[in-house]
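# Fold and contact review
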Amino acid sequence: MEQLKGIPVSPGIAIAEAFVLHSDVSFNIPPHPIADEEVWKEMARFEDALTRTRAEILGIRKKISTQIGRESSDIFNAHLMILEDRTLIEDVIAIIKNKKVNCEHAFSSVIQRYFEAFSQIDDDYLKERIADIRDIGRRILNNLYGQEGAFEKLNQGGIVIAHDLSPSDTAMIDKEKVLAFVTEIGGPTSHTAILGRSLEIPAVVGMDGVTVRVKNADMVIVDGNEGILIVNPDEQTLEKYKQETKRFIALNTELDKLQHLPAETTDRHRIILAANIEFHDEIPSVIAHGAEGIGLYRTEYLYMNRTDLPTEEEQYRAYFQVAEKIAPHPVILRTLDLGGDKFLSSLDVPHEMNPFLGWRAIRFCLTRVDVFKTQLRAILRASIHGNLKVMYPMISNVEELRKANSILEECRQELKKTGIPFDPNMEVGAMIEIPSAAIISDILAQHVNFFSIGTNDLIQYALAVDRVNEKIAYLYEPTHPAILQLIKRVVESGHRHKRWVGSCGEMSGDPAVAVLLLGLEIDEISTSPVVLPKVKKAIRAVSFKAARDIAQKAMQFHTGSEVRDFIDGELGRISRDFPAAK
Ligand code: PEP
Ligand code: MG
């Protein structure tokens with residue numbers, strides 16, 4: 001039995017067999033000689049790997065097109081074309097026959113030649129196909145090695161162990177098959193971590209060396225509450241975690257009883273407790289966990305895992321369906337926030353040295369006005385169906401806000417001219433997630449109806465801590481005095497201009513931090529649905545007066561850990577339900 005520690009990012013406990021993904025397949029495979037009579041066997045192995053890879057790709061393509069609800073699976077057509085490329089196949093077979101070597105070597109040397117040829121072509125589109133070749137090459141090699149190549153091949157519930165999972169990989173997880181995941185890299189607010197919470201499966205990131213320490217089919221326990229992985233547990237440990245699972249389920253059943261109660265303090269101060277979502281199918285979870293609306297709909301997931309862009313019509317349908325299902329509560333659609341750790345195959349965005357600081361989110365939309373307008377028109381059209389609001393991500397100055405608003409106005413005028421109805425009073429907000437925006441929030445407030453503080457990025461930019469880097473995760477401190485001062489400033493600026501101010505970062509999923517935000521007079525808290533009940537419980541346990549006192553005292557400490565200890569202690573004192581708040 002072995003115990004490993006990582007960063008807990010999605011609560012719960014799972015006990016099952018491990019399924020280790022080795023994504024770092026090398027294409028430098030040395031030759032090893034084979035006998036004459038083995039030549040046909042090697043050729044057959046290669047053909048067999050191609051057939052299995054083809055079946056795999058067709059399966060994924062089908063899944064994506066049903067999940068996303070249209071023919072958005074074209075990305076895999078390029079993969080299929082490479083698989084069926086006769087020249088590639090014949091070259092591999094010729095090497096096996098003529099040099100009498102293993103097919104892994106033959107295949108990898110042909111693939112290497114493809115990489116070289118494509119990287120010399122002076123055509124950006126073709127250069128980008130290298131990624132497709134690498135991906136398909138990896139799948140074929142995995143099939144040659146007889147190793148399960150990707151989690152879509154899991155037939156029954158297993159626990160995925162990987163070096164990394166991109167947000168687009170994670171978006172494809174089928175939770176019937178994947179009971180939990182653990183990665184070697186990643187930080188607590190990476191979008192992969194956030195998706196773990198959305199899927200409501202236990203997840204741990206930043207677990208160094210886990211893909212080496214765990215073998216396929218090892219029995220493992222993932223404790224997403226504590227960030228622990230236990231490999232090949234003994235009977236006693238297994239029993240302990242089975243009991244722990246029962247306790248966890250009972251606790252959640254108890255918390256779900258708060259579903260229909262408001263997020264109201266003991267002295268009747270009420271705030272809106274809303275949910276963050278990425279996918280339409282999270283709506284039942286939003287409702288079950290008692291959210292009063294959607295405070296952040298990350299619309300970029302509609303654009304992910306496809307090679308074409310979603311049309312205005314498709315977006316309109318997606319938005320109005322959410323609006324209708326959540327009405328009368330509000331739904332805040334955040335416009336396309338591409339970049340950082342979220343990449344889209346449908347948009348030709350060059351690789352950058354610093355993707356979190358690069359051509360992303362509103363910066364991208366203000367250049368690709370065609371993409372932006374398609375989305376804004378869809379949002380405006382959907383606005384008559386419920387209580388929709390729109391907000392822009394990554395605002396860093398007032399010019400961006402002015403430009404975005406004037407493009408929105410253009411869309412309104414176009415719709416008006418063609419007689420297409422929309423809500424002329426739909427509220428427009430800005431995300432405050434860049435320190436410059438927080439500092440000039442007094443000016444920005446004059447151009448919007450509301451603010452939503454994106455603390456995931458605000459912390460990353462204010463403290464210069466990459467939110468997806470596990471090595472510096474200890475510096476990622478939501479309670480850092482600088483963060484508290486920025487939040488306070490934004491709330492005060494908003495209120496001075498009679499604007500409501502929300503917070504949609506992950507930090508407010510922590511009950512003690514939520515009480516602190518309440519005390520800083522935030523009007524709305526939006527976070528992952530799965531953590532909402534315990535946040536509601538904390539809010540209902542305190543008085544607004546006590547929360548304000550806590551916030552005022554918290555502002556006096558000099559370090560994030562002092563604030564942390566203080567707020568945990570205070571919440572623990574107020575309510576016995578939070579004794580172990582960390
Ligand atoms: C944030 O930055 O806090 C936020 C809510 O947006 P995202 O996590 O999608 O960057
Ligand atoms: Mg953000």
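Let me begin by describing the structure that accompanies this report.

Analysis parameters
- Residues numbered from 1 in each chain as written.
- Chains lettered and ligands numbered in written order.
- Predicted model: local features only at pLDDT ≥ 70, side-chain atom pairs only at ≥ 80, totals over all residues.
- Heavy atoms only, no water.
- Near = heavy atom within 4 Å.
- Polar contact = N/O pair within 3.5 Å; in protein donor to acceptor, adjacent residues only side chain to side chain.
- Areas by Shrake-Rupley, 256 points an atom, 1.4 Å probe, with all protein chains shown as cover.
- Helix = DSSP H or I, 4+ residues; strand = E, 2+ residues; numbered from the N terminus.
- Nonpolar A, V, L, I, M, F, W, Y, C, P; charged D, E, K, R; others polar.
- Buried < 20%, exposed > 50% of the residue type's maximum accessible area, 1.4 Å probe, protein only.
- Pairing = 2+ DSSP bridges.
- Axes fitted to C-alpha atoms, helices over the stretch in contact; angles between N-to-C directions.
- Donors = N, O, S within 2.8 Å, 3.2 Å for Na, K, Ca; no water.

## Brief notes about the site of ligand 1
Inspection of the region around ligand 1 gives 16 residues, with His191, Arg298, Arg334, Asn456 and Arg467 positioned closest. A distance of 2.7 Å separates an oxygen atom of ligand 1 from a polar atom in the side chain of Arg467. Contact with the protein chains hides 100% of the accessible area of ligand 1, taken as 290 Å² for the molecule alone. Of all the secondary structure elements, the ones that give two or more residues to the shell around ligand 1 are α7 (191-199), β11 (294-298) and α17 (455-463). Counting residues per element, the shell around ligand 1 draws most heavily on α17, at 3 residues. Across the shell around ligand 1, the residue classes break down as 4 nonpolar, 5 polar and 7 charged.

## Concerning the environment of Leu258
Here Leu258 is to be found in the loop between α9 (235-255) and β9 (263-264). Leu258 gets classed as buried once you look at its relative accessible area, which sits at 14%. For the pair Leu258 and Lys536, spaced 278 residues apart in sequence, the C-alpha separation works out to 7.6 Å.

## Observations concerning the sheet that holds strand β4 (residues 158-162)
In space, the 8 strands of this open sheet follow the order β1-β8-β7-β3-β4-β5-β6-β2, with mixed pairing throughout. Looking at which strands have only one partner, the edges of the open sheet turn out to be β1 (2-5) and β2 (7-10). Each strand axis lies, on average, 30 degrees off the axis of its neighbour in the sheet, ignoring direction. In this sheet, strand β5 (residues 178-183) lies alongside β4 in parallel orientation, the contact comprising 5 bridges.

## Quick look at the coordination of the magnesium ion (ligand 2)
Looking at the metal site, the magnesium ion (ligand 2) is ligated by Glu433 (OE) and Asp457 (OD), spaced 2.0 to 2.2 Å from it. Of this pair, Glu433 sits in the loop between β14 (427-432) and α15 (435-439) while Asp457 is found in helix α17, placing the two residues 24 residues apart along the sequence. Each member of the pair, Glu433 as well as Asp457, is classed as buried.

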